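Residue-level listing of the chains:
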Amino acid sequence: MAGRLAAPRRRRLHRPANSVLPLGDPGLPLDDALASVTDWYRTRGLPPMIVVPTAVDADSAGQALDEHLSARNWAPRPGPAFVMVADLPLTGLRPDGLPAGREIRVTSEPGDAWAAMYHYRGQDHLPPIAHTVLTSAAVQSFVSITSGDELLAIARLSVADGWAGITAVEVNAAYRRQGLGTAITAAACQEAARQGIARVFLQVEVTNAPARALYENLGFRYSHRYHYRVAPA
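This one's a predicted model, so the numbers in the text were calculated from it and none came from an experiment. (Residues numbered from 1 in each chain as written. Predicted model: local features only at pLDDT ≥ 70, side-chain atom pairs only at ≥ 80, totals over all residues. Heavy atoms only, no water.)

(A) Region of the structure containing the environment of Gln195. Here Gln195 shows up in the loop between α5 (180-194) and β8 (199-205). Overall, Gln195 belongs to the partly exposed group, its relative accessible area being 27%. As for Gln195 and Val159, which are separated by 36 residues in sequence, their C-alpha atoms are 8.9 Å apart. With sequence-adjacent residues up to four places away left out, Gln195 is seen in contact with Val139, Ser141, Leu157 and Val159. Among the polar contacts made by the side chain of Gln195, one reaches the side chain of Glu191 at a distance of 2.9 Å. (Helix = DSSP H or I, 4+ residues; strand = E, 2+ residues; numbered from the N terminus. Buried < 20%, exposed > 50% of the residue type's maximum accessible area, 1.4 Å probe, protein only. Contact = heavy atoms within 4.5 Å. Polar contact = N/O pair within 3.5 Å; in protein donor to acceptor, adjacent residues only side chain to side chain.)

Below is the structure:
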């Protein structure tokens, strides 16, 4: 499989922003295209990286590209993930509301408290570029569940081309196992529906069984999976 290689944006918060997405025929032999990618990245001091999307089942067009990269010692990165999609409104959404004293807030900017709660891939502090990346969609909303001034859960909603994407889902460690993961996901979906969006997607690591079960119960279904490969040093 060959791939049309889209030049990445130079950002250091989200891995997809620093990776090449193969979309079609690059117009030259695949090894030449890989060499061009490698040179582009290394000129900019970045590790050459390609995201490899595949079908949920093992056999897919992306499998051939993955095997080609593997044979050339492009190493897989940990954390393969599924992309899950759903139609709005969610069929698995329960009608019961939040307990008294808790409310949903939606803002157009993340705010200091929201950003402080977001631990992207376990980072204690977000890098300076974080705000630029988080507000880079055509439209985005920052959703939170609060109790007074305290944030209990957060999520980010980005909207473009008729789709809404949910990212940055986190629950305050002191309030876990209280259904807040379901509540914040539902709140983000409700905000998407309020904006007239009928389709929503999210990403979840293959090994994150509790989150996958949560999204399945809400009505999400599996679209495809993906992982990353990095060029040999």
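(B) Structural view of the side chain of Thr38. Here Thr38 is to be found in helix α1 (residues 30-43). Judged by its relative accessible area of 12%, Thr38 is buried. Apart from the residues within four sequence positions on either side, Thr38 is in contact with Pro48, Trp74 and Ala231.

(C) Representation of the packing of aromatic side chains in the model. A full pass over the atoms with the stated rule returns 7 aromatic pairs. Between Phe82 and Tyr222 the ring centres are 4.8 Å apart and the planes differ by 65 degrees, which places this aromatic pair in the edge-to-face class. Taken as a pair, Phe82 in strand β3 (residues 81-87) and Tyr222 in strand β9 (residues 221-230) lie far apart in primary sequence, 140 residues in all. Under the relative-accessibility criterion, Tyr222 is labelled partly exposed at 27%. One aromatic cluster in this structure is built from Trp114, Tyr118 and Phe142. Looking at Arg44, its charged tip hangs above the ring of Trp40, at a distance of 3.9 Å from the centre. (Phe/Tyr/Trp six-rings, centres within 6.5 Å; stacked < 30°, edge-to-face > 60°. Lys NZ or Arg CZ within 6 Å of the ring centre and 35° of its normal.)

(D) Molecular detail of the nonpolar core. Ranked by size, the top nonpolar core spans 32 residues in total, and within it Ile166, Val200 and Phe220 carry the most contacts. Those elements that place two or more of their residues in this core are β3, β5 (139-147), β6 (150-160), β7 (163-171), α5, β8 and α6 (209-218). No other element matches the 7 residues that α5 contributes to this core. The residues contacting Val200, other than those within four sequence positions of it, are Met84, Val85, Ala86, Leu88, Trp163, Ala164, Ile166, Cys189 and Phe220. (Core = buried A, V, L, I, M, F, W, Y, C linked by side-chain atoms within 4.5 Å.)

(E) Representation of α1 in the model. The end-to-end C-alpha separation of α1 is 20 Å, in line with the 20 Å expected for 14 residues at 1.5 Å each. Residues Leu30, Ala33, Leu34, Val37, Thr38 and Tyr41 constitute the buried set of α1. Seen end-on, α1 carries its buried residues on one side only, within an arc spanning 140 degrees. Counted as exposed and oriented over 90 degrees from the buried face of α1: Asp39 and Thr43. Residue Gly45 follows α1 closely and has a positive phi angle near 70 degrees. (Expected span 1.5 Å × (residues − 1). Arc of directions from axis to C-beta.)

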